[in-house]
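Here is how the chains run, residue by residue.
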Amino acid sequence: MMKRRTFLLGCAAAGLSIGFAQAQTQNPAKLRVALLPDENASTLIQNAQPLKKYLEDTLKKEIELVVTTDYSSMIEAMRFGRIEVAYFGPLSYVLAKSKAPGIEPFAVGVSKGSPTYKSVIIALADGPVKSIADIKGKIMGYGDFASTSSHLIPRAYLARNGLVGDKDYKFANLGAHDAVARAVQSGQVQAGGLSQEIFNALVAKGTIDGKKLVVLAESDPIPNYPMVMQGNLAPELKTQITSAFIGLKDPAILKTFRAEGFVATDDKAYDILRDTAKILALDLSKFKG
């Protein structure tokens, strides 16, 4: 299902060479910072301009913002040293770590006072799916294969409730979270899984009609999205990058991450994702980016 796709930049300024580029030196003059490709690339880049300026002013380095075509491309970019810093989803980080053991999570977003978030399963309010059990025999919409809250967590939730994908229901991987919400609203799929925060944001912006949709279930807390860096960066640079994110207080910039701030984190915080993957017999070591 996962195919390696061409690396796409989110804006003209984010020009990266295509191919397996070699990692830069340990203290590069320019840092390439990748944003999670969970919504429209041009919107993400535009909204992140204040972040770019903040990092350039704080780190005294040129900052290049990058949005890849999908999670797989982002994992491969980190693996082959085409980006130095990245904002990963929890599962996409775990997948990246399995391919590039040297990368390091150093900060995690805090929302509503917690470094966790939730996934929700939604359906049409007047549609055929009124409960989780009703998903049997229907089509379930997921986001990217490597998405935590739009694939792994809702799929595992259904498995715990006796519904196995491709056996008890069909499913479609639709890419981004907003695509899942729109597909449910249009009736393209009868139910879908996505981030609770993204769902709420889409309703607030009017991208989808909250009155036409209903939340069937929400997950247990999931460790939030980590900021990750290449482990071979110079120690002093790693300290500066960590301090820049932990010290980030500007609400307008933090909005880029749907966070109130950042706190320190480490790899062990994401073991719960590895355990959840086992429920679906997802062999992370064999993931193909």
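Scroll up to find the structure this text is about.
The present account deals with the structure reproduced in this document. Note that the structure is predicted; figures quoted are calculated from it, not measured.

What counts and how
- Throughout this document, residue positions are counted from 1 along each chain, in the order its sequence is written.
- Predicted model: local features are reported for residues with pLDDT of at least 70 only, side-chain atom pairs are reported and counted for 80 or more only, and whole-chain, interface and lining totals are derived from all residues.
- The side-chain quantities take in all heavy atoms of the structure and omit both hydrogens and water.
- Helical segments are the DSSP runs of H or I of at least four residues, strand segments are the runs of E of at least two, and each set is numbered from the N terminus.
- Partly exposed residues are those whose accessible area sits between 20% and 50% of the maximum for their type, while under 20% is buried and over 50% is exposed, using a 1.4 Å probe and protein chains only.
- In this description, contact between two residues means that some pair of their heavy atoms is separated by no more than 4.5 Å.
- Each accessible area is a Shrake-Rupley estimate made with a 1.4 Å probe; only the visible protein chains count as cover when residues are assessed.
- Here, a strand pair is defined by DSSP locating no fewer than two bridges between the strands.
- Simply put, an axis is a line fit to the C-alpha atoms, just over the touching stretch for a helix, and the angle between two N-to-C directions goes from 0 to 180 degrees.

Remarks on the overall build of the protein
1) Next: Looking only at helices and strands, one finds 10 helices and 13 strands in the protein.
2) Next: Across the 289 residues that make up the protein, the buried fraction comes to 53%.
3) Next: In the protein, of all internal contacts separated by at least 6 residues, the share reaching a separation of at least 24 is 80%.
4) Next: Surface accessibility of the protein: about 12500 Å² in total, with carbon and sulfur atoms responsible for 52%.

What about the environment of P28?
1) Next: The residue P28 is located in the segment before β1 (30-35) in this model.
2) Next: Assessed through its relative accessible area of 1%, P28 is described here as buried.
3) Next: Along the primary structure P28 and L233 are separated by 205 residues, whereas in three dimensions their C-alpha atoms are 8.4 Å apart.
4) Next: Apart from the residues lying within four places of it in its own chain, the contact partners of P28 are K61, E84, L233 and L237.

Remarks on the sheet that holds strand β8 (residues 170-173)
1) Next: The strand order β8-β7-β9-β6-β10 describes an open sheet built from five strands, whose pairing is mixed. Edge positions in the open sheet fall to β8 and β10 (213-218), since each of these has one partner strand only. Going across the sheet, the axis of each strand differs from the next one's by a mean of 30°, ignoring polarity.
2) Next: Alignment of strand β6 (residues 119-124) against strand β9 (residues 191-195), held across five bridges, turns out to be antiparallel. Note that in β9 the partner of V120 across the bridge is L194.
3) Next: Where helix α6 (residues 177-186) meets the sheet, its contacts fall on β6, β7 (139-142), β9 and β10, and the angle it forms with β9 comes to roughly 150°.
4) Next: Across the sheet, helix α7 (residues 196-205) lies against β6, β9 and β10, angled at about 100° from β9, the strand it touches most.

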